[in-house]
Amino acid sequence: MKLLHAADLHIDSPLRGLSRYPGAPEQEFRSAVRGALHNLVDLALDEAVDAVLLAGDVYDGDWKDYRTGLFFTAQMQRLREAGVKVCMVAGNHDAQSKITRELRLPDNVHRFSTAKPESVVYDDLGLAVHGQGFAERDITDNLAAAYPKALDGHLNIGLLHTALEGAEGHKTYAPCRVEDLTARGYDYWALGHIHARQEVRRGDPWIVFPGNLQGRHARETGPKGATLITADGPRLTVEHRDLDVVRWGHAEIDASRAADVESALGLAEEAMRAAVRDADGRPLALRVSFTGPSDAHEALWRDRERVENELRGAAGELDGLWIEKVRAATTHAVHEDGGTLSALVGDLRATASAVGADPAVLEGLVRGLPGLRGVGAVVDAEDVRVDDEEWRARIFDDAVDLLTALVGGDPAGIANRPGTPGEEGAA
Ligand SMILES: [Mn+2]
């Protein structure tokens with residue numbers, strides 16, 4: 001028996017965080033999320049899988065119109081024609097209460113109840129799938145604890161959208177412990193919610209987050225796809241398959257090797273070529289960060305706009321490369337108190353990455369800023385999106401870069417430049 005496990009498709013989630021400029025591969029990125037679902041169905045058909053397991057957040061939220069639902073239905077129809085079953089649960093993004101439009105799905109698709117856990121048994125396959133969807137966005141209950149015991153003589157799969165014990169701030173999403181899952185006696189837990197692929201447990205039972213199907217912004221870098229499960233009796237072989245149509249990457253350039261802006265640009269172009277090779281023919285949105293103590297520090301900051309556009313120009317010579325953003329995160333090469341300074345900058349960056357890693361902490365921080373209160377009324381709402389997790393992350397990155405430069409650089413020179421922080425907010 002073969003199964004294909006995917007999660008967090010987020011169909012028709014808006015494209016964010018990419019500044020448009022001539023030559024950027026915009027159309028490829030706009031259609032990428034749908035393209036990745038098409039790839040998932042292609043893989044299911046090529047591998048002749050028996051069932052596809054979708055562990056929540058198929059949709060990004062309520063449909064703008066029926067085309068979102070029609071696209072998904074058409075893909076499910078392709079699976080139906082090949083006799084492939086589909087089991088799906090709702091997650092926090094597509095919780096029952098959030099989706100106001102609905103379409104009937106083909107009869108090969110089973111959508112699990114959001115009221116209580118249930119089991120679907122395919123006796124012809126010897127497969128039992130247990131699951132429950134999200135009724136509301138915030139599910140604080142441990143759903144897994146109420147899942148039924150394993151069914152003898154079948155391959156048992158648990159389908160669940162959960163943050164597991166997760167980081168602080170994720171506890172609203174059906175939290176549970178690994179022991180709650182292992183206690184059910186299943187063979188495989190098909191989880192969703194965490195967008196980075198993670199094999200929580202590699203057997204007895206397997207517990208897997210497949211990661212999302214397609215990266216959607218600069219924090220979802222690297223290969224994305226689904227997990228193929230091959231069952232030979234009770235023995236499972238589990239493997240990741242890339243299904244993403246476009247890719248996101250981050251090139252960190254050690255600018256300590258650059259004496260000036262020109263040589264920093266040379267290093268960046270080298271890294272851009274390498275990143276394009278790694279993307280394996282896919283369009284790539286690349287963030288370029290200059291880091292480290294550098295003789296080019298001040299010039300990189302002063303000429304940020306030119307540096308960004310030089311790299312955009314250079315990207316035009318490489319097929320399908322979009323320069324998502326250029327970060328000047330360097331420090332002064334030499335300082336009278338170098339030891340203390342680099343320790344300070346190191347400490348600042350460590351604190352920042354701890355805060356940045358937790359969306360809930362970052363949200364609290366941004367919402368607490370007195371300057372943002374009522375700002376929507378006076379600034380174009382496109383520029384300030386306090387409710388947007390991705391926007392908050394970007395504005396935080398900008399703030400950390402600026403602070404690093406102020407600590408390590410020439411405070412007066414930088415602080416006096418107009419519009420320094422957050423100019424990317426208009427992206
Ligand atoms: Mn989710």
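Residues numbered from 1 in each chain as written. Predicted model: local features only at pLDDT ≥ 70, side-chain atom pairs only at ≥ 80, totals over all residues.

J.: Just checking my understanding: could you explain the overall build of the protein chain for this structure?
T.: Per the secondary structure count, the protein chain includes 11 helices and 15 strands. Put simply, of all contacts in the protein chain between residues at least 6 apart along the chain, 72% involve residues at least 24 apart. (Helix = DSSP H or I, 4+ residues; strand = E, 2+ residues; numbered from the N terminus. Contact = placed C-beta atoms within 7 Å.)

J.: What's the story with the nonpolar core in this structure? I'm lost.
T.: The nonpolar side chains of soluble globular proteins are, as a tendency, buried together. Ranked by internal contacts, the top residues of the largest apolar core, which has 102 residues, are Val-52, Leu-53, Val-86, Leu-159, Trp-189 and Ala-264. Take this core: its biggest share by element is 7 residues, from helix 2 (residues 32–46). Among the domains, domain 1 (2–242) and domain 2 (246–334) are the pair contributing at least three residues each to this core. Residues within four places of Leu-159 in sequence aside, it is in contact with Leu-53, Ala-55, Cys-87, Val-89, Phe-112, Val-129, His-130, Gly-131 and Ala-190. (Core = buried A, V, L, I, M, F, W, Y, C linked by C-beta atoms within 7 Å. Buried ≥ 20, exposed ≤ 12 C-beta atoms within 10 Å, placed from the backbone. Domains from an automatic or database assignment.)

J.: Would you mind going over the environment of Gln-77 with me for this structure?
T.: Here Gln-77 is to be found in helix 3 (residues 67–81). Given 14 C-beta atoms within 10 Å, Gln-77 falls into the partly exposed group.

J.: How do you make sense of the packing of helix 2 against helix 3 when you look at a structure like this?
T.: What describes two packed helices is the angle between their axes and the distance between those same axes. It is the contact of helix 2 with helix 3, at a shortest axis distance of 10 Å, that shows an interaxial angle of 10 degrees. Classified by the interaxial angle, the pair formed by helix 2 and helix 3 is roughly parallel. Residues Arg-34, Leu-37, His-38, Val-41 and Ala-44 of helix 2 lie in contact with helix 3, whose contacting residues are Phe-71, Gln-75, Arg-78 and Leu-79. Taken together, the residues that form the contact of helix 2 with helix 3 break down as 5 nonpolar, 2 polar and 2 charged. (Axes fitted to C-alpha atoms, helices over the stretch in contact; angles between N-to-C directions. Parallel < 35°, antiparallel > 145°, perpendicular 65-115°, else oblique. Nonpolar A, V, L, I, M, F, W, Y, C, P; charged D, E, K, R; others polar.)

J.: How should helix 5 (residues 261–278) be read in this particular structure?
T.: Helical geometry note: an α-helix holds 3.6 residues per turn, so side chains three or four residues apart project in the same direction. Compared with an ideal rise of 1.5 Å per residue, which puts 18 residues at 26 Å, helix 5 spans 26 Å between its outermost C-alpha atoms and is within 8% of the ideal. Turning to helix 5, its buried residues are Val-261, Ala-264, Leu-265, Ala-268, Met-272 and Val-276. Down the axis of helix 5, the sector holding all buried residues measures 110 degrees, keeping them to one side. The outward face of helix 5, more than 90 degrees from its buried face, is lined by the exposed residues Glu-270, Ala-274 and Arg-277. Where the residues of helix 5 are buried, they touch strand 13 (247–254), strand 14 (284–294), helix 6 (297–302), helix 7 (304–315) and strand 15 (321–332). Of the residues flanking the end of helix 5, it is Asp-280, one or two places downstream, whose phi is positive at about 60 degrees. (Expected span 1.5 Å × (residues − 1). Arc of directions from axis to C-beta.)

J.: Sorry if this is basic, but what is going on with the sheet that holds strand 5 (residues 118–122) here?
T.: What holds strands together in a sheet is hydrogen bonding between their backbones, with the strands either parallel or antiparallel. What the 6 strands build is an open sheet, ordered 5-6-7-8-10-9; its pairing is mixed. Of all strands in the sheet, those with a lone pairing partner are strand 5 and strand 9 (198–201), marking the two edges. For this sheet the average axis-to-axis angle between neighbouring strands, irrespective of direction, equals 20 degrees. With 3 bridges joining them, strand 8 (residues 188–192) and strand 10 (residues 206–209) adopt parallel strand pairing. Each bridged residue has a counterpart across the sheet, and for Ala-190 the counterpart in strand 10 is Val-208. (Pairing = 2+ DSSP bridges.)

J.: When you look at the packing of helix 5 against helix 7 in this model, what are you seeing that I'm missing?
T.: Two elements in contact, helix 5 and helix 7, have axes separated by 11 Å at closest approach and are oriented at 40 degrees. The orientation of helix 5 with respect to helix 7, classified from their angle, is oblique. Crossing of helix 5 over helix 7 shows right-handed handedness. Mapping the contact onto sequence places Val-261, Leu-265, Ala-268, Glu-269 and Met-272 in helix 5 and Val-307, Glu-310, Leu-311, Ala-314 and Ala-315 in helix 7. For the contact of helix 5 with helix 7, a count of residues per class yields 8 nonpolar, no polar and 2 charged. (Left-handed = near helix turned anticlockwise from the far one by under 90°.)

J.: Quick question: what am I supposed to make of the sheet that holds strand 11 (residues 225–232) here?
T.: Spatial ordering of the open sheet is given by 4-3-2-1-11-12, a layout of 6 strands whose pairing is mixed. Both outer strands of the open sheet, strand 4 (109–111) and strand 12 (235–242), are each paired with one neighbouring strand and no more. Put simply, the sheet's adjacent strands are angled 20 degrees from each other on average, direction ignored. Across 3 bridges, strand 3 (residues 85–88) lies against strand 4 in parallel orientation. The partner of Cys-87 across the bridge, within strand 4, is His-110. Contacting strand 1 (2–6), strand 2 (51–54), strand 11 and strand 12, helix 2 runs over the sheet at an angle of about 170 degrees to strand 1.

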